Amino acid sequence: MTLEPGGELIEETLSGNVTEDFTTLEFIKPDGTIITHLVDFKNEVQIFQALILGEEERGQSQYQVMCFVTKVDKGDYIASDAISKLRQKNPRAERQAEDELPELSYQMEVRLHLNRSAAVSPHVRQLCGEAGGATYSRHQDIQHVAAHRAADLDAPSLDQLERALSPLPPATSEPRCSSVSSLAEPCRCRYHLCISWYPCSLKYCKGRDADGQTVSYRCGIRTCRRCHVFDYSVTRKQLCLWDEEPRDAVNLMSIDDDDDV
């Protein structure tokens, strides 16, 4: 568990699927927002999903869902098999990450069409089914996927990958939503998402084997905190009401830094 600045405790769920080689982390913020982070190691893609409760008094629906799809460096997270072996020694204890990593900013440039997103990752459509018009990515992320999967993507699949994208208006052509007064005006939205605790690498210790030789073995996990900032276009400010409010960091509950792997 991690203690939020406001004093609330948040519990997260962390799982690893070895067969399909992906990990999933999910938690609920104090305001009811549900955050899901999926790392697809096979396709070197990560998906951030945010399900945000609506403000009915301001004309919003019950909730809205956004997804952000970016490339992932495998070295930023521990593998699915290691995640699947984690054991919580004290799941109700409060935790703090060992390392604070630099904030990452993303200027989202395209919308992804879910019915053609399988060439990016099969998980996009599964996780973002309710974010049909609000699944975002960047050209560099799609290019990374195409290069990574060049050996197994045939011509029709590459064509599907290209047709899966619709360009967003350039970032410089729209005002920030925080500076717009009309709820009906298009603008550039900014969404902050902080993962305050997650396993980011394995720890290795040294010992000796039966023959007295020095050997290395897994002896725990290193934990990190990192914030992500997504800038993207919305058709009206009503879809970005949080951009009026002070930045709200997201904290995660977690498992012991010395959990066995």
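Keep in mind that this is a model prediction, so the values were computed, not measured. (Residues numbered from 1 in each chain as written. Predicted model: local features only at pLDDT ≥ 70, side-chain atom pairs only at ≥ 80, totals over all residues. Heavy atoms only, no water.)

### Looking at the state of the cysteines
Logical step 1: Throughout the structure, instances matching the rule amount to six disulfides.
Logical step 2: The disulfide that involves Cys67 links it to Cys128, with 2.2 Å between the sulfurs. Residues Cys67 and Cys128 share a disulfide whose torsion about the S-S bond is about -100°; that sign makes it left-handed. Residue Cys67 is located in strand β7 (residues 63-71), and its partner Cys128 is located in the loop between α2 (122-127) and β11 (135-137); the two are separated by 61 residues in the primary sequence. The same class applies to Cys67 as to Cys128, namely buried.
Logical step 3: Cys194 shares a disulfide with Cys227; S-S distance 2.0 Å. An S-S torsion of about 110° defines the bridge between Cys194 and Cys227 as right-handed. Of this pair, Cys194 sits in strand β13 (residues 187-208) while Cys227 sits in strand β14 (residues 214-234), and the two are 33 residues apart along the sequence.
Logical step 4: Overall, Cys227 belongs to the buried group, its relative accessible area being 6%. (Disulfide = S-S within 2.5 Å. Helix = DSSP H or I, 4+ residues; strand = E, 2+ residues; numbered from the N terminus. Buried < 20%, exposed > 50% of the residue type's maximum accessible area, 1.4 Å probe, protein only.)

### What about the nonpolar core?
Logical step 1: Counting residues in each nonpolar core, the largest one holds 34 residues, and the members touching the most others are Met66, Phe68, Tyr191 and Tyr232.
Logical step 2: Secondary structure elements with two or more residues in this core: β4 (22-28), β5 (34-40), β6 (45-53), β7, β13 and β14.
Logical step 3: Among the elements that make up this core, the one with the highest residue count is β13 (seven residues).
Logical step 4: The contacts of Met66, once residues within four sequence positions are left out, are Phe48, Gln49, Ala50, Ile52, Ala131, Ala134, Tyr191, Tyr232 and Trp242. (Core = buried A, V, L, I, M, F, W, Y, C linked by side-chain atoms within 4.5 Å. Contact = heavy atoms within 4.5 Å.)

### Section: the confidence of the model for the protein
Logical step 1: When pLDDT is averaged along the protein, the result is 84, and 86% of the positions lie at 70 or above.
Logical step 2: Note on residues 246-258: pLDDT is under 50 here. Beyond four places in sequence and across chains, it has 65 contacts. (pLDDT = per-residue confidence, 0-100.)

### With respect to the pattern of salt bridges
Pairs can form between side chains of opposite charge whenever their charged atoms are close.
Logical step 1: Following the criterion strictly, the structure yields six salt bridges and no others.
Logical step 2: A salt bridge links Lys203 to Glu98, with the shortest nitrogen-to-oxygen separation between them at 3.0 Å. Linking Lys203 in strand β13 with Glu98 in the loop between α1 (80-84) and β8 (99-100), this pair joins segments that are 105 residues apart in sequence.
Logical step 3: For Asp141, the salt bridge identified is with Arg138, shortest N-O distance 2.8 Å. No difference in accessibility class separates Asp141 from Arg138, as the two residues are buried. (Salt bridge = Lys/Arg side-chain N within 4 Å of Asp/Glu carboxyl O.)

### Examining the environment of Ser179
Logical step 1: Secondary-structure assignment places Ser179 in the loop between β12 (165-167) and β13.
Logical step 2: Distance in space between the C-alpha atoms of Ser179 and Lys237 is 9.9 Å, their sequence separation being 58 residues.

### Structural notes on the side chain of Gln49
Logical step 1: Looking at where Gln49 falls in the secondary structure, it is placed in strand β6.
Logical step 2: The exposure class assigned to Gln49 is buried, which follows from its relative accessible area of 11%.
Logical step 3: Reaching out from Gln49, the side chain makes a polar contact with the backbone oxygen of Leu127 at a distance of 2.7 Å.
Logical step 4: In this structure Gln49 touches Ile34, Ile35, Thr36, Val65, Met66, Cys67 and Leu127, once residues within four positions along its chain are discounted. (Polar contact = N/O pair within 3.5 Å; in protein donor to acceptor, adjacent residues only side chain to side chain.)

### Considerations on the environment of Tyr198
Logical step 1: Tracing the backbone through its elements, the reader meets Tyr198 in strand β13.
Logical step 2: Considering only alpha carbons, one finds Tyr198 and Thr223, 25 residues apart in sequence, at a separation of 5.4 Å.

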